[in-house]
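# Examination of the molecular architecture
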Amino acid sequence: MRTYSFIPALVLTLVPGTVLAQAVQPVAPAATAPQPELPTAPEPESTATHAPSVQVTAPMSAQISASMSGQLEKFPFRDGDHFHKGDVLAGFRCGQQKATLAHAHAEYIKRRGLLDVQNKMKALGQWSVSDLRSAAADEQAANADLEMASAVVAQCVIEAPFDGRVSNTMVHNYQYLSAGTPMLEILDDTSLELSMIVSSMELPHLQPGTPFKVHILETDATYTASVSRLSGKVDPVSKTIKVYGKLTQPAPNLLPGMTGEARFGQ
């Protein structure tokens, strides 16, 4: 009996279908390579202007020192007291100096009288050139001594050079002082000033009269002000310039040394 084998034919008929099935099978996507990170663009800088720091200052201040060696007998003001121009800030005991002034004044009167006598004798024709010149020289010397004694006595009293306020005292009444010893510090608080350091790039927008507002930390209040003047030079290293301002209205609660921030364009 002849046996026929049909298995290979079946296999041959199935193989093309298998290959076709594999051909239409979707291909798995290849692994995506990591993309390099692109540099992010820098965020635009804020257009808000930086608020410069402000300090309240006094336009005039001075340290008053002893004008002579001696004992204080009048020292009426204490720290924080107000005074007016011409008030006596300090007075020294000057009995000896005043006596020297009185002697110099009497000597001047004497020499002045002798010169007058020589001038009258000259008018009468009974005069000597040497006597007249000697009398004139003596009168000039006596006048110089009188001026020196007056200058010494003037140092016995120190008067206030302006209206203001005492900001510090370093001595006490009846204390003996040497010439040049610091006694007190004074300042003019009648017209306070604002000082700040601003970028020199802001100069085109900062001119005398430019308005701005200033917030003071110690009072937690905002005041209106305006630029009064600019410094005469720009710092070449920091590219900054010092700017000064003044309040548009008096503010009695402000004191020199207070600080805050200036706000322009608001």
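The structure under discussion appears in the preceding block.
So, here's what we can say about the structure. Everything numeric here is computed off the predicted structure, so don't read it as measured data. (Residues numbered from 1 in each chain as written. Predicted model: local features only at pLDDT ≥ 70, side-chain atom pairs only at ≥ 80, totals over all residues. Heavy atoms only, no water.)

### Thoughts on the overall build of the chain
Rules: Only DSSP runs of H or I with at least four residues qualify as helices, and only runs of E with at least two residues qualify as strands; both kinds are numbered from the N terminus onward. Think of it in three bands: with a 1.4 Å probe and only protein chains considered, a residue is buried below 20% of the maximum accessible area for its type, exposed above 50%, and partly exposed in between. Using a 1.4 Å probe, the Shrake-Rupley method yields the accessible areas, and only the shown protein chains count as cover for residues.
When its secondary structure is counted, the chain shows 3 helices and 14 strands. In the chain, which comprises 266 residues, the share counted as buried stands at 26%. Entry remark: accessible area of the chain is about 18,300 Å², with carbon and sulfur atoms responsible for 57%.

### So, the sheet that holds strand S12 (residues 221–230)
Selection criterion: Strands are labelled as partners when DSSP assigns at least two bridges between them. Throughout, an axis means a line fitted to C-alpha atoms (over the contacting stretch in the case of helices), and angles, computed between N-to-C directions, take values from 0 to 180 degrees.
Read around the barrel, 6 strands follow the order S1-S10-S13-S12-S11-S14 and close on themselves; strand pairing throughout is antiparallel. Direction aside, neighbouring strands of the sheet carry axes that sit 40 degrees apart on average. Two elements, strand S1 (residues 53–57) and strand S10 (residues 193–199), share 4 bridges in a ladder whose sense is antiparallel. Within S10, the residue paired with Val54 across the bridge is Met196.

### Some remarks on the nonpolar core
Worth spelling out the cut-off: Definition of nonpolar core: a set of buried residues of the types Ala, Val, Leu, Ile, Met, Phe, Trp, Tyr and Cys, connected through side-chain atoms within 4.5 Å. Two residues form a contact once any of their heavy atoms are found within 4.5 Å.
The biggest cluster of nonpolar side chains holds 21 residues, and the ones touching the most others in it are Leu72, Phe83, Phe92, Met183 and Ile186. Residue assignment for this core shows that the elements contributing at least two residues are strand S5 (88–92) and strand S9 (182–187). Look past the residues within four positions of Met183 in its chain and what remains in contact with it is Ile64, Ser65, Ala66, Leu72, Phe75, Ala90, Phe92, Ile158, Thr169, Met170, Val171 and Leu177. By size, the runner-up hydrophobic cluster in this structure holds 20 residues, among which are Val56, Phe212, Ile216 and Ala251.

### Focus: the packing of helix H2 (residues 95–124) against helix H3 (residues 129–154)
Packed helix pairs are characterised by how far apart their axes lie and by the angle those axes make with each other. For the record, the criterion: When an angle is under 35 degrees it counts as roughly parallel; over 145 it counts as roughly antiparallel; between 65 and 115 it counts as roughly perpendicular; any other value is oblique. Crossing handedness follows the turn of the near helix against the far one: under a right angle anticlockwise gives a left-handed crossing, and clockwise gives a right-handed one. Note on residue categories: nonpolar means Ala, Val, Leu, Ile, Met, Phe, Trp, Tyr, Cys or Pro, charged means Asp, Glu, Lys or Arg, and polar means any other residue, Gly included.
The contact between H2 and H3 brings their axes to 8 Å, and the two run at 160 degrees. Overall, the two elements H2 and H3 adopt an arrangement that is roughly antiparallel. Considering only the axes of H2 and H3, their crossing is left-handed. Residues that form the contact of H2 with H3 fall into these classes: 13 nonpolar, 7 polar and 9 charged.

### Observations concerning the pattern of salt bridges
Operational definition: One side-chain nitrogen of Lys or Arg within 4 Å of one carboxyl oxygen of Asp or Glu is enough to make a salt bridge.
One pass over the full model with this rule turns up 6 salt bridges. Linking Glu73 and Arg93 is a salt bridge whose minimum nitrogen-to-oxygen distance equals 3.6 Å. Highlighted residues: Glu73 in strand S3 (residues 70–74) and Arg93 in the loop between S5 and H2, separated in sequence by 20 residues. Owing to a relative accessible area of 38%, Glu73 belongs among the partly exposed residues under this scheme. One salt bridge connects Asp116 with Arg112, and the closest N-O pair in it is separated by 3.8 Å.

### With respect to the sheet that holds strand S6 (residues 157–159)
Within the open sheet, the 4 strands sit side by side as S6-S5-S3-S8. Their pairing is antiparallel. Edge positions in the sheet fall to S6 and strand S8 (176–177), since each of these pairs with one other strand and no more. Where S5 meets S6, 3 bridges bridge the pair, whose relative direction is antiparallel. Within the sheet, the bridge partner assigned to Ala90 lies in S6 and is Ile158.

### Focus: the pairing of strand S7 (residues 164–169)
Sheet analysis places strand S4 (residues 82–83) next to S7, joined by 2 bridges and oriented antiparallel. The residue bridging Phe83 from the neighbouring strand is Gly164, located in S7. Two elements, S7 and S9, share 4 bridges in a ladder whose sense is antiparallel. Residue Val166 lies in a different strand from S9, and its bridge partner there is Ile186.

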